[in-house]
Amino acid sequence: MTKKAQRLWRRWAQRAGGALLFLLAIGTTVFTAATASREDPPSSELSVLLVLLAAAFQLGSIALFSRSGRPDDTHSEASVRRLVNLTYRTQALSMSAQDAKSMDTATMRSALLDLSARLNYIAEDTLASVEDWTSFNSAAERKVNELNQNASQQRGQNESLEEENVNATDRG
């Protein structure tokens, strides 16, 4: 089972469990009220027990509903740790780029290759951090998909413009 399917199943189970406990709490309360008005009502000890049972059902339903849709702390911690590491990498990259001013051409070319590789690592870490957040936030996942679609369209437009420029240069 995929992680997304597991999340959906867990979220559904929490909501269903919360709804079931809520219905049991209401049912127990209604039963207690209905039996209290009979000719032969239950003993006060049984009534207290039923009220406490209804309260326990209600608390259980609150606990299950409060966890539903809440991010797992391990996801948040992993994402924050990844973002902190990303900040350190970006700062180191910035210092390397500033050091490039005093380099000769051959050394600068080597440094540019290194900078390019490090930028790729930063891009991968950025995507991984976004994936950490989208794993528990469906609104973030929709926004990421929307941004990816917009970026793909923008790349397609840029490639078309570059192709037109190359064709115009070839003709000229």
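Only a predicted model underlies this, so the values are computations on that prediction, with no experimental measurement involved.

Draft legend 1. Geometry of the overall build of the chain. In terms of regular secondary structure, the chain is built from 5 helices and 0 strands. The order of helices and strands in the chain, counted from the N terminus, is α-α-α-α-α. Taken over 172 residues, the chain has a buried fraction of 16%. The long-range fraction of contacts in the chain, counting pairs at least 24 apart against all pairs at least 6 apart in sequence, stands at 76%.

Draft legend 2. The packing of aromatic side chains, seen in detail. According to the stated counting rule, one finds 1 aromatic pair in the structure shown. Ring plane angle 25 degrees and centroid distance 5.4 Å describe the contact between Trp9 and Trp12, whose orientation is recorded as stacked. Taken together, the residues span about one helical turn, with Trp9 and Trp12 both in helix α1 (residues 3–36) at a distance of 3 residues. Judged by its relative accessible area of 53%, Trp12 falls in the exposed class.

Draft legend 3. Structural detail: the confidence of the model for the chain. Per-residue pLDDT for the chain has a mean of 78; in total, 84% of the residues score no lower than 70. Within the chain, the element-level pLDDT minimum falls on helix α5 (residues 138–171), averaging 72, and the maximum on helix α2 (residues 44–67), averaging 84.

Basis of the calculations
- Residue positions are given per chain, counting from 1 as you read along its sequence in written order.
- The predicted origin of the model limits local features to residues at a pLDDT of at least 70 and limits the giving and counting of side-chain atom pairs to 80 or more, whereas totals for whole chains, interfaces and linings rest on all residues.
- Each side-chain value is derived from all of the structure's non-hydrogen atoms; neither hydrogens nor water enter the calculation.
- In this text, helices come from DSSP runs of H or I with a minimum length of four residues, and strands from runs of E with a minimum of two, each type numbered from the N-terminal end.
- With a 1.4 Å probe rolled over the protein chains alone, any residue whose accessible area is under 20% of its type maximum counts as buried; one over 50% counts as exposed, and the rest are partly exposed.
- The criterion used for residue contact is that any of the two residues' heavy atoms lie within 4.5 Å.
- Ring pairs are drawn from Phe, Tyr and Trp, using the six-membered ring of Trp, whenever the two centres fall within 6.5 Å, and their geometry is named by plane angle: stacked under 30 degrees, edge-to-face over 60, tilted for the rest.
- Summary of the metric used: pLDDT quantifies the predictor's per-residue confidence within the range 0 to 100.

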